[in-house]
Amino acid sequence: MDAQGRGRAGDNVDPADQWVFDPNTGNYELRLDPAGQAAARPSPRKAPRSRRAQGTPGTGRPAGTADGRGGDTDTRPLPTQRGRRREGAAADAGERPTGGRAERRAAGRTAMASAAGPASRRKPKPKKSGKKKALYWTAGALGFVLVVGAGGAFYLYEQLNGNIDKVDVGVENDPVTDGPVNFLIIGTDARSGKGNQGYGDAGSVGHADTTILMHVSKDRSNATALSIPRDLITDIPNCPTKQKDGSTKTIPGEKGVRFNTSLGQAGRDPGCTWRTVEKLTGLEIKHFMMADFNAVKDLSEAVDGVEVCAAKPINDPKSHLKLSAGRHVVKGEQALAFVRTRHAIGFGSDLDRIKMQQQFLSSLIRKLKSDAFSSPGKLYDVSQAATKALTVDTGIGTAKKLLDFGTDLKQVDIDKVTFATVPVLDNPEDPATVILNKASADPLFRMVQADHTLAKGKKKGKKGAPVKKAPPELVRVDVSNGGGPIGAAQETVDWLQNTKAARLSTNAGNAPSKVATTRLEYAPNQADQAATLAEWMGLPKSALKKSSQDAGDRVPMKLILGKDFEEPGTPVEAPTETPDGVQNVNADDKNICAK
């Protein structure tokens, strides 16, 4: 272990051996360099010049060795603690000592011949400088990180606890749950606070500038990260917020406003964004994590940079990002500029900026998984940066709870993490905003609600040839109600005729018996009609029941609505494939480049 507390395989150095006597100052100095490397000693306290510029008084020779042949740095290997007595015996016998400590003692005796005699190794050590105290503290802290990794370290927990800000949103869930986990990652564009000045509107309380709904599956095998565009027009529900005096104030909801106003505006806290996302997606959220501009800067610094890719040169005067085409490692201010860039890429919209953020976060996840936990020092840096940057709900508002939460979710493999963007359309009433593309968004939300993954896995077997779909005017079907809501059969027929132009659909009344699941019975020569109807109704393959014989010319298919049927237009079962029109990337894809 070296003087800064970083363990090194193969070193067997007693910490006391790293205090080295300097004959030029008469003091013991803390040697910081590892064995075999140069280490510049500090200059004498009263001498403003470098030791290399000074000479030994009365000799005209440079200081550092008795004969003037060497510099002020001893580069010989540090001796081990066990060889100390043997070295002393060898020196007394006139043999050449083996190891740096004996030779330094000989040099010290020569240089100090006119002094009171060689200083004892037991000489009281000088009072530690602030730097040396910091070295001791760092070594201890890194040791604590090792213990944390094993499940302890009360001291470090307490220190990290002091870093974490938390907000009581009126809901407190346990950090670990047996089912799927949905949590929000909120990036605020607040311009107040240390390190956030100089971006956009001075003193802004911030908005929900970047919002990602992270869904982790029940079996922890996969995760889906849904980016929600900040300019999406949506409804914000009433929101109870905790005040400083402990009282609760309800912030009135609004209809038809930008999503990003769910935070900061009118006194809204992260719980308001939480409730807005629940209303939008139908997913129950367990926790939130919120960070400002500093999070990107500090975390990228803690992992020593994040690799990103530009398919073309980028020069964005708004974010101040300048990159040549190709791969780059960004950190600090440059990393922040990368995730804020939108004017120099794509169409210059917020949707293009979301793609930049997804590329950056994917690369950051890969870096964290592969490198950030490879050493106590990096783990400590990441822990400090993350906890200082975060504001969380009270359910994960301590370092212990946050660790439990992270440990529960870390099982997900990188190639099973998918970033997707909630599908939207241009708003015809305001070109600066977007509206929800319900045709794609609704099945996407249902897919996540059903805990289905967006990650593309290897499919077994050969995929059958696509079935040709029949035109609406040829779809002939009798609809009966076998367990759906009252009047579901007629409502479905009306929907088929009026919205799908399926004029040959009829109401067959109630089914002879109740059925748990909706099914469609059809003949082999009706496969094209069945394919069309199944797509309209959102039927899974398991709902399609093909008979063995062809049907007559005017014989209809039979659609029996089961207890799982809600209303026409709502898929009976959540899709298992990513809906068309949903932009998505895999976190393990290293070939994503900003265009």
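Parameters and conventions
Residues numbered from 1 in each chain as written. Predicted model: local features only at pLDDT ≥ 70, side-chain atom pairs only at ≥ 80, totals over all residues. Heavy atoms only, no water. Helix = DSSP H or I, 4+ residues; strand = E, 2+ residues; numbered from the N terminus. Buried < 20%, exposed > 50% of the residue type's maximum accessible area, 1.4 Å probe, protein only. Areas by Shrake-Rupley, 256 points an atom, 1.4 Å probe, with all protein chains shown as cover. Pairing = 2+ DSSP bridges. Axes fitted to C-alpha atoms, helices over the stretch in contact; angles between N-to-C directions. Expected span 1.5 Å × (residues − 1). Polar contact = N/O pair within 3.5 Å; in protein donor to acceptor, adjacent residues only side chain to side chain. Core = buried A, V, L, I, M, F, W, Y, C linked by side-chain atoms within 4.5 Å. Contact = heavy atoms within 4.5 Å. 1 Å grid on protein atoms, 1.4 Å probe; cavity = no way out; pocket = protein on both sides within 12 Å on 5 of 7 lines; lining within 4 Å. Points joined across faces, edges and corners; volume = space filled by probe spheres on them. Nonpolar A, V, L, I, M, F, W, Y, C, P; charged D, E, K, R; others polar. Disulfide = S-S within 2.5 Å. pLDDT = per-residue confidence, 0-100. Phe/Tyr/Trp six-rings, centres within 6.5 Å; stacked < 30°, edge-to-face > 60°.

Considering the overall build of the protein chain
When you go through the protein chain residue by residue, the secondary structure sums to 13 helices and 25 strands. Every one of the 595 residues in the protein chain was classed for burial, and the buried ones make up 43%. In the form shown here, the protein chain has an accessible surface area of approximately 31,300 Å², with 52% of it arising from carbon and sulfur atoms.

Focus on the sheet that holds strand β3 (residues 165-167)
Across the sheet, eight strands lie side by side as β3-β16-β11-β4-β5-β6-β17-β25; this open sheet has mixed pairing. Here the strands that pair on one side only, and so sit at the sheet edges, are β3 and β25 (584-586). Each adjacent strand pair in this sheet contributes to an overall mean axis angle of 20°, direction not counted. As paired elements, strand β4 (residues 181-188) and strand β11 (residues 287-291) share five bridges and run parallel to each other. Note on β11: the bridge partner recorded for Phe183 is His287.

Some remarks on helix α5 (residues 270-281)
Taking 1.5 Å as the rise per residue, α5 with twelve residues should run 16 Å; its terminal C-alpha atoms sit 17 Å apart, in good agreement. Of all twelve residues that make up α5, ten are buried, and the element is covered over most of its length. Within the span of α5, buried status applies to Pro270, Gly271, Cys272, Thr273, Trp274, Arg275, Thr276, Val277, Leu280 and Thr281. The residue sitting at the N-terminus of α5 and contributing the capping side-chain oxygen is Asp269; that oxygen lies 2.9 Å from the backbone nitrogen of Gly271. In the segment just after α5, Gly282 is the residue with positive phi, at about 75°.

Things to note about the nonpolar core
Within the largest apolar cluster, 28 residues are counted, with the highest numbers of intra-cluster contacts made by Leu184 and Leu226. At the level of secondary structure, the elements contributing two or more residues to this core comprise β4, β5 (208-216), β6 (223-228), α5, β11 and α11 (438-449). With five residues, the top contributor of residues to this core is α11. Residues in contact with Leu226, not counting those within four places in the same chain, are Thr211, Ile212, Leu213, Ala420, Val422, Leu444, Phe445 and Val448. With 23 residues, the next largest nonpolar core counts Val475, Leu496, Ala502 and Trp536 among its residues.

Focus: the sheet that holds strand β20 (residues 476-481)
Pairing within the open sheet is mixed, and its five strands lie in the order β21-β20-β24-β22-β23. Each of the sheet's edge strands pairs with one partner strand only, and the pair in question is β21 (504-510) and β23 (544-546). The mean angle between the axes of side-by-side strands here comes to 20°, regardless of whether they run parallel or antiparallel. Alignment of strand β22 (residues 519-522) against β23, held across three bridges, turns out to be parallel.

Brief notes about the environment of Asp442
When you line up the elements, Asp442 lands in helix α11. For the pair Asp442 and Thr570, spaced 128 residues apart in the sequence, the C-alpha separation amounts to 8.4 Å.

So, empty space enclosed by the protein
Under the defined criterion, the tally for this structure stands at two cavities of 30 Å³ or more. In this structure, the largest cavity occupies an estimated 90 Å³ of space. Looking at the largest cavity, it is lined by 13 residues, and the ones nearest its centre are Gln359, Arg366, Asp589, Lys590 and Ile592. No other element matches helix α8 (residues 350-372), which puts four residues into the lining of the largest cavity. Of the residues in the lining of the largest cavity, the class split is four nonpolar, four polar and five charged. In this structure, the second largest cavity encloses a volume near 50 Å³. Along the walls of the second largest cavity sit Asp209, Thr210, Thr211, Ile212, Ser227, Ile228, Arg230, Asp350, Arg353, Ile354 and Gln357, which together make up its complete lining. Of all elements in the fold, only β5, β6 and α8 reach the threshold of two or more residues within the lining of the second largest cavity. By residue class, the composition of the lining of the second largest cavity is three nonpolar, four polar and four charged.

Some remarks on the state of the cysteines
Enumeration according to the criterion identifies two disulfides in this entry. The disulfide that involves Cys239 links it to Cys272, with 2.0 Å between the sulfurs. The S-S bond linking Cys239 to Cys272 shows a torsion near -90°; that makes this disulfide left-handed. Of this pair, Cys239 sits in strand β8 (residues 239-242) while Cys272 sits in helix α5, and the two are 33 residues apart along the sequence. With respect to burial, Cys239 and Cys272 carry one shared label: buried. Between the sulfur of Cys309 and that of Cys593 lies a disulfide, 1.8 Å long from S to S. Classification of the bridge connecting Cys309 and Cys593 rests on its S-S torsion, roughly 75°, and on that basis the disulfide is right-handed.

Considering the pairing of strand β9 (residues 248-251)
Note: β8 against β9, four bridges, orientation antiparallel. Within the sheet, the bridge partner assigned to Thr241 lies in β9 and is Lys249. Hairpin geometry of β8 and β9 is characterised by an intervening segment of five residues between the two adjacent antiparallel strands and by a positive phi of about 90° at Gly246.

Some remarks on the side chain of Asp231
Residue placement: Asp231 occurs in the loop between β6 and β7 (233-236). On the accessibility criterion, Asp231 (13% relative accessible area) is buried. Those residues in contact with Asp231 that lie beyond four places of it in its chain are Arg258, Asp350, Ala432, Thr433 and Val434.

Description of the confidence of the model for the protein chain
In the predicted model, the protein chain carries a mean pLDDT of 77, and the fraction of residues at 70 or more is 69%. The secondary-structure element of the protein chain with the lowest mean pLDDT is helix α3 (residues 130-149), recorded at 33, while β7 shows the highest, at 98. Counting contacts from residues 1-20, a segment whose pLDDT is below 50, to residues more than four positions away or on other chains yields 51 contacts. Within the model, the stretch residues 195-201 combines pLDDT values under 50 with 16 contacts to residues more than four positions away or in other chains.

Quick look at the packing of aromatic side chains
Applying the stated criterion across every chain, the model contains two aromatic pairs. Aromatic side chains Trp274 and Phe288 sit 6.4 Å apart centroid to centroid with 70° between the ring planes, which places their arrangement in the edge-to-face category. With Trp274 in helix α5 and Phe288 in strand β11, this pair connects stretches of sequence that are 14 residues apart. On the basis of relative accessibility, which here comes to 3%, the residue Trp274 falls in the buried class.

Considering the pairing of β11
A large share of β11 lies buried, amounting to five of its five residues. By the alternation rule, side chains of β11 split into His287, Met289 and Ala291 and Phe288 and Met290, which are all buried. Sheet topology note: the β11/strand β16 (residues 391-393) ladder contains two bridges and is antiparallel. When the sheet's bridge partners are listed, Met290 is paired in β16 with Thr391.

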